[in-house]
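Analysis of the macromolecular model
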Amino acid sequence: MNLPSKTFQQNGRWIEKPNTTKVDVCACKNKYIKTRKNQEQCIKCIYKSSRH
């Protein structure tokens, strides 16, 4: 499916999507978006390692 690169209007004009979201892959093969400073694992792995 082809989606247009222009995603929304502001002041009656189409504008390009201002920010792109970087999706990383964790060692457990889960994809995640960084939501914490210096995050290097997915949330599932962060909580799994903090329980030990």
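All figures in this text were calculated on a predicted structure; none of them were measured in a lab.

Remarks on the environment of threonine 21
Mapped onto the secondary structure, threonine 21 falls in the loop between strand E2 (13-16) and strand E3 (23-25). Linking threonine 21 and lysine 34, residues 13 residues apart in sequence, is a C-alpha distance of 9.2 Å.

Observations regarding the environment of glutamine 39
Relative to the assigned elements, glutamine 39 resides in the loop between strand E4 (31-33) and helix H1 (43-50). If we skip the residues at most four places from it in the chain, glutamine 39 touches Tyr32, Ile33, Lys34 and Ile46.

With respect to unusual backbone geometry
Not every positive phi belongs to a glycine, and lysine 29 is a case in point at roughly 80 degrees. Tracing the backbone shows lysine 29 in the loop between E3 and E4. When its relative accessible area of 67% is taken as the criterion, lysine 29 is described as exposed. We note that asparagine 38 has phi near 60 degrees; this positive angle belongs to a residue other than glycine. Relative to the elements of secondary structure, asparagine 38 occurs in the loop between E4 and H1.

Looking at the pattern of salt bridges
In a structure, side chains of opposite charge can pair up when their charged atoms sit close to one another. In the structure shown here, the tally under the stated rule is 2 salt bridges. Salt-bridge contacts for aspartate 24 lead to lysine 22; the nearest nitrogen and oxygen are separated by 3.8 Å. The class for aspartate 24 is buried, based on a relative accessible area of 13%. A residue is classified by how much of its surface remains accessible, and lysine 22, at 61% relative accessible area, is exposed.

Looking at the state of the cysteines
Simply put, the disulfide is a covalent bond whose two ends are the sulfur atoms of two cysteines. The final tally for this structure, using the stated rule, is 0 disulfides. No disulfide involves cysteine 26; its sulfur sits 3.7 Å from that of cysteine 45, the nearest cysteine. Among the residues examined, cysteine 26 registers a relative accessible area of 5% and is labelled buried. Cysteine 45 supplies the cysteine sulfur nearest to cysteine 42, a cysteine that is in no disulfide, at a spacing of 3.6 Å. Judged by its relative accessible area of 4%, cysteine 42 falls in the buried class.

Definitions and limits used
Residue indices begin from 1 for each chain and proceed along its sequence in written order. Since the coordinates come from a predicted model, pLDDT governs what is reported: local features require at least 70, and pairs of side-chain atoms require 80 or more to be given and counted, while whole-chain, interface and lining totals use all residues. Side-chain calculation: all heavy atoms of the structure are included, whereas hydrogens and water are not. Helix and strand definitions here come from DSSP, where helices need a minimum of 4 consecutive H or I residues and strands a minimum of 2 consecutive E residues; each element is numbered from the N-terminal end. Contact criterion: two residues are considered in contact whenever any of their non-hydrogen atoms come within 4.5 Å of each other. The buried label applies to any residue whose accessible area, calculated with a 1.4 Å probe on protein chains only, is under 20% of its type's maximum; exposed applies above 50%, and partly exposed to all values in between. Each salt bridge in this description consists of a side-chain nitrogen of Lys or Arg and a carboxyl oxygen of Asp or Glu lying within 4 Å of one another. The disulfide definition used here is simple: a pair of cysteine sulfur atoms within 2.5 Å.

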